[in-house]
Amino acid sequence: MSDLQTINTRNLIQDFFQAMATRDLETLLSFFSEEVDWEVPGNEELAPWLGKRGNKEEIQAFFELLWQNIEPISGQIEHILADGNFGVATGRFSSKMLRSGQIYSSIFSTHFTLTDGKITHYRLLEDSYALVEALCLPI
């Protein structure tokens, strides 16, 4: 693995989370390949932004649905680990679920694989049980 590739992967992951923090959809979409192996596991009936996606149009729908349903409270990236074209970011976040008014807090890990400088494989792992509870419990 080249050191330059590792640096580029780490930089893209940092830029990705910066764009997430500012809800910059155009920049976020620019990081992805036209075809992507994307999965955010969880209950898709309660949280329609979860699930598998395969292209930029579907990824755009993910962010739009997410942002329509949550209000971010806090987020922290604790580690970014990169090796060649693969990277993992870990951290924690809290969000207000707009449907229920409940606060959802979770640790997370996000896994990225890049091909030709674009994300081709994306996995977000979070506490999906706590998400279901936050969506179901009334204020």
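Residues numbered from 1 in each chain as written. Predicted model: local features only at pLDDT ≥ 70, side-chain atom pairs only at ≥ 80, totals over all residues. Heavy atoms only, no water.

K.L.:
Sorry if this is basic, but what is going on with helix 1 (residues 3-21) here?
P.N.:
What sets the pattern is the α-helix's 3.6 residues per turn: residues three or four places apart point alike. Across its 19 residues, helix 1 extends 27 Å between first and last C-alpha, which sits within 8% of the 27 Å expected from 1.5 Å per residue. Those residues of helix 1 not exposed but buried are Thr6, Thr9, Leu12, Ile13, Phe16, Phe17 and Ala19. All buried residues of helix 1 fall inside an arc of 160° around its axis, so they share one side. Turned more than 90 degrees from where helix 1 packs its buried face, Asp3, Leu4, Gln18 and Ala21 sit exposed. A positive phi of about 55° marks Arg23, the residue just after helix 1. (Helix = DSSP H or I, 4+ residues; strand = E, 2+ residues; numbered from the N terminus. Expected span 1.5 Å × (residues − 1). Buried < 20%, exposed > 50% of the residue type's maximum accessible area, 1.4 Å probe, protein only. Arc of directions from axis to C-beta.)

K.L.:
Mind showing me how you'd approach the sheet that holds strand 4 (residues 86-97) here?
P.N.:
By definition, the strands of a sheet pair up through backbone hydrogen bonds, in either a parallel or an antiparallel sense. Spatially, 2-1-6-5-4-3 is the arrangement adopted by the six strands of the open sheet, whose pairing is mixed. Whereas interior strands pair on both sides, the edge strands pair on one side only; in this sheet they are strand 2 (51-55) and strand 3 (70-83). Within the sheet, the average angular offset between the axes of one strand and its neighbour, ignoring direction, is 15°. For strand 5 (residues 103-115) and strand 6 (residues 118-126), the ladder comprises eight bridges, and the chain directions are antiparallel. When the sheet's bridge partners are listed, Thr113 is paired in strand 6 with His121. Packing of helix 1 onto the sheet brings it into contact with strand 1 (32-40), strand 3, strand 4, strand 5 and strand 6, and relative to strand 3 it is tilted by some 175°. (Pairing = 2+ DSSP bridges. Axes fitted to C-alpha atoms, helices over the stretch in contact; angles between N-to-C directions. Contact = heavy atoms within 4.5 Å.)

Bear in mind that shape data such as this cannot, by itself, settle questions of function.
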